[in-house]
Amino acid sequence: MAQTYDHQAIEAKWQASWEEAGLFKIKEDSTTPKYYCLEMFPYPSGRIHMGHVRVYAIGDVIARYKTMRGFHVLHPMGWDAFGLPAENAAIEKGVHPKIWTQENVAYMKKQLRRMGLSYDWDRELNTSQPDYYRWNQWIFLKMVKQGLAYRKRSAVNWCPSCETVLANEQVLAREGKDGGVCWRCESVVFQKELEQWFFRITQYAQELLDGCDQLTSWPAPVLAMQRHWIGRSQGVEIDFPLADTRKDVTAIRIFTTRPDTIHGATFMSLAPESPLVEQLIEGLDEADAVRTFVERVSRLDKATRTAADREKEGVFTGAYAINPFTQEQIPIWVANFVLYEYGTGAIMAVPAHDQRDFEFAKQYDIPIRLVIQNPDGTLVPDALDAAYEEHVQAGVLVNSGSFSGLAVPDGKQAIGEHVEKQGWGTCTINFRLRDWGISRQRYWGTPIPMLYCEKCGLVPVPENQLPVLLPEDVPFTGKGESPLKESPSFSKATCPTCGGTARRESDTMDTFVDSSWYFLRYCSPQDTNQPVNPQAAQHWMAVDQYVGGIEHAVLHLLYARFFTKVLRDLGLTTVDEPFVHVLTQGMVTKETYWCEEHRWVLPSDTTTEHGQRLCGHCGKAIVTGRTEKMSKSKKNIASPDELCDRYGADTARVFSLFAAPPEKDLEWSDTGVEGCYRFLNRVWRLVHEQLPVIGNVNESVESKQSELLTELQRATHHTIQRVTGDLDRDFQFNTAIAALMEYVNQLYKLMKDYPANTLLADERAGWQSALDTLLLLLAPFAPHLAEELWETMGHTSSIARQSWPVFNPEYVVTTEWTIPIQVNGKLRSKICVPAGSTKDQVIAAAQSDAKIMEWVQGKTLRKVIYVEPKLVNFVI
RNA sequence: GCGAGAGUGGCGGAAUGGCAGACGCGCAAGACUUAGGAUCUUGUGGGUAACCUCGUGGGGGUUCAAGUCCCCCCUCUCGCACCA
C-alpha cells in the first residue's frame, strides 16, 4: 500500500466527475427548503491568496453540509471585476483593463476549481460585462427618477503634477509634509471641487438604523460599527440672529445636542467651506485674513484635515451674532474643526462644556462661562482646566436665567421647547451618515447614463438605449481629469429629447455599486429584461449565510442593505434585509523574518543551525518578527498553488478550517498543514486496511451484540453528535475536525484491539457503518478524499448527494457512570457506578471510596452536592 | 478620546458555572527499517522521589464549585477618530 494517497490524481478525477455530472447546478425547487450560501466575490487581482482559500473553504463546507441536511442550496460565484488595479495595469504595462481582467479571471477560476468548491458556475457573474453593468445603469436611472440620485459639488483629491483625480488610498502620508502626497509622483495633493453624483442613502438612515435590531445573527462588532456609522443624534437647530444684518443673511443656524448649555455660548464657529463665510466678511477689515485662512485649510486633504490631534485653529470674521437666550453679542469665528457636511456647518461654541470649544477659547482668549454645575457643586468658573462635559447627565443648570436649577435632561427639554415656542428653531435629528458619492473620474467602471444637452440641460439616457458601453478607444496615460473624456467617440451623443448634440457624462460609478446588489442578480443571472427576477428573488432571498472579510463590515454591508431597500421599493424583492446570518472570517497571518542587512526575508531564504535561524544571503541571525497579515512586502506569503501541488486541496481546506475558529485570525503554519495531511492519510489508510473486513459482511453467520459493536456505535454516534453540534452552533469547524480526528484515533485503536480474523458478522457491518459515517462527516471538509473512499467502499452515487448521518442517542448510552468526587471543590477521586444509580447510591459509593474516606475522616460533613451524573462534592 | 474584542502549556487552540489544557503542532523515548524528514506506540503545564501542591494577565467579590458570573486595574488587537 502506498504511504500517502495520491491527492493530485484523486482531486482531478473528482473535479472532472462532478463537473460532468453537473452535480452543483441548482434550480428552484418547492419540495425541499432553500438555503442561500454566499461568500463575498473576489476582485480578480491575478492570483487567489490564502484569505480566499479560507473564506471559500468556509462557504463550501456550509454549502455542502446544508445540501446533505436536505436543503437545495444556492451557492454561486462571480467576479467583482471593475476597479482601479486594472486601470493601473493599463497605465504601467499597456495591457487593456478588459484583457488584464479576463486573464486574471481565467486563472483564478482555475484555482477555485482546483479547490473543489461546489459552485453552480452557470450563475457566474462578471460585473465588468455589459450584461451586468447595464443593470447598474438601469437602477441608477430609477434612482434619478425617485430623487435618490442627484448631483452636487464636492471635493476630490487632485494631483497637480499628474493632473488627475486620486482615490483616497492613492493619497499617502509623508513625514514633514502637511497633507498627503500622490502615490506615484509624491506631489502634495490638494482638494478640487467638481460636480459629482450622489446616492441619497441618508433618506434611508432611520430605516437602516432600525433594521439593525432585526439583524440578531450578525456579529456584534459589525452591528456596532454600522450603528456608529449611521450615527443618529437628537438635538435642536437654533437660529442665532446677526447683530448687523448683512446682505441676505439675517441669522446663523446651528445644530446642537446640548441646548441646555446655550447660556454658555460665548462665540460661534463656521466651517471654512461654508458659503456664509464670504457673505459675512464682505467689506470688513478682517476679510483678507479670513480668506487666507479658508484657502489654507480647505486645500488640505480630508484625512489630514480631520485628524483628531490636529491643532485647533481659527480666525475672527469681524461679524457678531446675538445669543437669543442672553441677548449678548458674541463673535463669529471660522474654525478648522467645524465640519461643513454635518449639521448646519455652524456651531454655537460653549467652551465650558465642550472640550474642543474649550481649547479654542483658551487659545484665542475667549470668555468661558460655566452654565452646568456638577452634582458636588465643586466647579469653579475661572479654574477650569478642561471642559465639563458630564456624560452621566447628573449636573444642574446655573447662570441660565429662569432655567437655572434644572437638571441637565430637564434643561435640554425645557430649552428645546422654548426654542420651538419662540420660533427660533426646531428639535431635530441628525445623522453622521453622509450621502454616498458614487462618481469616479475613472475608465474601468460603469458609465453613468446621463447626457448634458446644450438646450435641455441634464437628460437621462433612455432605458431602451442601455447599456451605455465603455468605449475601447481610450488612451491610458494616467493623466487628465477623466479617461472617458479622452475618448473621441464616447462624449458625443444625441439628445433624446430635442435631437440636438449632447455630451455624455464621463464619470463612472464607484465599484461598491456593483457589489451592492450582485446577491440579487445571482437569483436570476441570465434575465435579460430586468436586473432581478422578482419570482426568483422571492424564492432565494434573503441570503441565509454570508461569509466575508471584516474589512467590509461598514461600507459594503451598509450599501448592500441600502440597495436592497431601494430595489424592494421598486418591487424587485420583498425582503427588507439581504443577509440573515453574517460570518466575518479573520485574517490569515504568518510569522515574519527580519535580517538587519536584507530586511524582510522569505522563509525559504533562511537556514537553521543549532535552532538559530540564519539569513541565507549573509548568514546573520534572523529576528523573528511579529505574526502579521500575509503580504508581499513582509515576505510572509504562502502560495495556494504550491499548497495544492504538495498536499492537495483537501489538506488546504482542512487546515484553514482546523487551525482557528473562523472569526479569529488564522496563523499559518507549515507543520500544522503537515499535521492535517497526516490526518487525511490516516483516514485513507484506515479505510483501505479495513476493506477486507467489510468486504465479506455476509459470509459469517454468527450474530450478537458484542463489546466491539457497542464501542463502534458509541464512537460513531458520539462523533455525529459532536460534529453536527459544532456545525449547527456557529460553524465551529475547528472543533468539528478535532472530533473527527479523535474518532479516527478511536477507530485505529479498535482496529488494533480486535483483529480482523476474529470478527462476527454484525461487527463487520458495524465497521462498515462506522467507516461510511466517517466519510459522510468528513465529506464537507475534504470532499475529494471522501468521495474517493466512498467509491472504494463500494458506493456508486456521489457522497455529496447523501444524507447527513442521524444521531441516535441510544447508541451513546453507557452502562457505567464515571463520576469525579470532590472534597471542598477539589478533585480527590473518581468512582464508577452503574448508570441510572440514584443520588443516595452514588453518594454512598463515593463515601465508601478509600481515598475519599481518608479526606473526610474525622471531619464534620457540612453539605453534599450531587450533580447527576457529573460530580459529587463533599463540603467539610 | 469613544466603541468592540481578546489575554489559558514551548506554539495554534479546547472547555452549557462542575475533572483546565480536547484536537493538532513541537519535543522526548521506543518499535519497524539499509535508511527515514515515512509509519506506529508511549509520554509531554510548573514544582516534587512520591503523597501532594501551584496554575487560565493582576487584585477583589459571588458560589459547595469560577477560565467561565460581578467590580476595579493592566496589556494587546481591531474599528471610528474633532459628527457639535
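Residues numbered from 1 in each chain as written. Chains lettered and ligands numbered in written order. Predicted model: local features only at pLDDT ≥ 70, side-chain atom pairs only at ≥ 80, totals over all residues. Heavy atoms only, no water.

Undergrad: Which residues make up the sheet that holds strand E5 (residues 149-159), and what values go with them?
TA: Taking strand neighbours across the sheet as the criterion, the four strands line up as E6-E5-E9-E19 in an open arrangement whose pairing is antiparallel. Two strands bound the open sheet, and with one partner strand each, they are strand E6 (164-166) and strand E19 (436-437). Taken together, the ten bridges between E5 and strand E9 (residues 190-199) define a ladder with antiparallel strand orientation. For Arg151, the partnering residue across the bridge sits in E9 and is Trp197. (Pairing = 2+ DSSP bridges. Helix = DSSP H or I, 4+ residues; strand = E, 2+ residues; numbered from the N terminus.)

Undergrad: How would you summarise the protein's contact with RNA strand B if you had to cite specific residues and measurements?
TA: Residues in close proximity to RNA strand B total 54 residues, the closest being Thr257, Thr306, Arg356, Lys830 and Lys870. Residue Thr257 places a main-chain N or O atom 2.3 Å away from a sugar or linking oxygen belonging to RNA strand B. Here a base oxygen of RNA strand B sits 2.4 Å away from a polar atom, N or O, in the side chain of Arg434. Every element with two or more residues in the surface near RNA strand B is listed here: helix H7 (220-230), strand E11 (249-256), helix H18 (670-695), helix H20 (733-753), strand E36 (816-823), strand E37 (826-834), strand E38 (863-867) and strand E39 (871-875). The greatest single-element share of the surface near RNA strand B, amounting to six residues, is contributed by H20. When grouped by side-chain class, the residues that make up the surface near RNA strand B number 21 nonpolar, 13 polar and 20 charged. (Near = heavy atom within 4 Å. Polar contact = N/O pair within 3.5 Å; in protein donor to acceptor, adjacent residues only side chain to side chain. Nonpolar A, V, L, I, M, F, W, Y, C, P; charged D, E, K, R; others polar.)

Undergrad: Let's hear about the layout of surface pockets: which residues, and what values?
TA: Here the second largest pocket defines a volume of roughly 470 Å³. Lining the second largest pocket are 17 residues, with Ile637, Ala638, Ser639, Glu642 and Asp670 positioned closest to its centre. Of all the secondary structure elements, the ones that give two or more residues to the lining of the second largest pocket are helix H16 (640-646) and H18. The biggest single contributor to the lining of the second largest pocket is H18, with four residues. Among the residues making up the lining of the second largest pocket, the classes are represented as nine nonpolar, three polar and five charged. (1 Å grid on protein atoms, 1.4 Å probe; cavity = no way out; pocket = protein on both sides within 12 Å on 5 of 7 lines; lining within 4 Å. Points joined across faces, edges and corners; volume = space filled by probe spheres on them.)

Undergrad: Explain the sheet that holds strand E1 (residues 34-39) to me, and be specific about the residues and the numbers.
TA: Here we have four strands laid out as an open sheet, ordered E2-E1-E26-E27, and parallel in their pairing. Lying at the two open borders of the sheet, with one neighbouring strand each, are strand E2 (72-74) and strand E27 (579-585). Averaged over all pairs of adjacent strands, the angle between their axes in this sheet comes to 20 degrees, without regard to strand direction. Judged from the six bridges that link them, strand E26 (residues 543-549) and E27 form a sheet pairing that is parallel. Looking at the pairing, Gln545 lines up with His581 of E27. (Axes fitted to C-alpha atoms, helices over the stretch in contact; angles between N-to-C directions.)

Undergrad: Break down the state of the cysteines for me, with residues and values.
TA: Counted according to the given criterion, the structure contains zero disulfides. Not engaged in a disulfide, the cysteine Cys523 finds its nearest cysteine sulfur in Cys37; these two sulfurs lie 13 Å apart. Assessed through its relative accessible area of 3%, Cys523 is described here as buried. (Disulfide = S-S within 2.5 Å. Buried < 20%, exposed > 50% of the residue type's maximum accessible area, 1.4 Å probe, protein only.)

Undergrad: Run through the confidence of the model for chain A, naming residues and quoting values.
TA: Per-residue pLDDT for chain A has a mean of 90; in total, 97% of the residues score no lower than 70. If you check the scores for this complex, the pTM reads 0.93 and the ipTM reads 0.95. (pLDDT = per-residue confidence, 0-100.)

Undergrad: Give me the lowdown on the packing of H7 against helix H15 (residues 555-569), citing residues and values where you can.
TA: For the pair H7 and H15, interaxial distance at closest approach is 10 Å and the crossing angle is 70 degrees. The angle between the axes of H7 and H15 places the two elements in the roughly perpendicular class. Every residue of H15 that contacts H7 at Val222, Gln226, Trp229 and Ile230 is listed here: Leu555, Leu557, Leu558 and Arg561. Counted by class, the contact of H7 with H15 contains six nonpolar, one polar and one charged residues. (Parallel < 35°, antiparallel > 145°, perpendicular 65-115°, else oblique. Contact = heavy atoms within 4.5 Å.)

Undergrad: Now, about unusual backbone geometry: what can you tell me, with residues and values included?
TA: Between Met541 and the following residue, Ala542, the backbone shows a cis peptide bond with an omega angle of 0 degrees. Following the sequence through the fold, Ala542 ends up in the loop between helix H14 (534-540) and E26. Between Glu868 and Pro869 the backbone carries a cis peptide bond, its omega angle lying at -15 degrees. With respect to the helices and strands, the residue Pro869 is situated in the loop between E38 and E39.

Undergrad: Tell me about empty space enclosed by the protein, and name the residues and values.
TA: Per the stated rule, a full pass over the model turns up two cavities of 30 Å³ or more. Each pocket or cavity is described by its volume, and for the largest cavity that value is around 160 Å³. For the largest cavity, the lining is made up of 21 residues, of which Ile91, Thr164, Arg442, Gly478 and Lys479 are closest to its centre. When residues of the lining of the largest cavity are traced back to their parent elements, those giving at least two are helix H3 (84-93) and E6. Among the elements that make up the lining of the largest cavity, the one with the highest residue count is H3 (three residues). Among the residues forming the lining of the largest cavity, the class breakdown is seven nonpolar, eight polar and six charged.

Undergrad: Account for the pattern of salt bridges, naming residues and giving values.
TA: Scanning all chains against the criterion turns up 41 salt bridges. Notably, a salt bridge pairs Lys142 with Glu463, separated by 3.1 Å at the nearest N-O pair. Here Lys142, found in helix H5 (residues 130-145), pairs with Glu463, found in the loop between strand E22 (457-460) and strand E23 (492-494); they are 321 residues apart in sequence, far enough to count as distant. By relative accessible area, which is 40% here, Glu463 ends up partly exposed. Each of the salt bridges in this network shares a partner with another, and the network as a whole consists of Glu207, Arg561, Lys565, Arg568, Asp569, Asp576 and Glu577. (Salt bridge = Lys/Arg side-chain N within 4 Å of Asp/Glu carboxyl O.)

Undergrad: Account for the pairing of E39, with residues named and values stated.
TA: The two faces of a sheet get side chains in turn, since along a regular strand they alternate between them. As paired elements, E36 and E39 share three bridges and run parallel to each other. Residue Ile821 lies in a different strand from E39, and its bridge partner there is Val872. Of the pairings in the sheet, the one linking E38 to E39 comprises five bridges and is antiparallel in character. If you follow Lys863 over to E39, its bridge partner there is Val875. Counting the residues in the hairpin turn of E38 and E39 gives three residues.

Undergrad: Can you explain the side chain of Ser829? Please cite residues and give values.
TA: Tracing the sequence through the fold places Ser829 in strand E37. Within polar-contact distance, the side chain of Ser829 engages the side chain of Asp849 at 2.9 Å. Residues contacting Ser829, with those up to four places away along its chain left out, are Ile819, Pro820, Ile821, Asp849, Lys851 and Ile852.

Undergrad: Help me get a handle on the packing of helix H2 (residues 50-68) against helix H17 (residues 649-658), residues and values and all.
TA: Relative orientation of the contacting elements H2 and H17 amounts to 95 degrees, with a least axis distance of 9 Å. Between H2 and H17, the angle is such that the two are roughly perpendicular. Across the interface between the two elements, Val53, Arg54, Ala57, Ile58, Asp60, Val61 and Arg64 of H2 pack against Ala652, Arg653, Ser656 and Leu657 of H17. Of the residues that constitute the contact of H2 with H17, the class distribution is six nonpolar, one polar and four charged.

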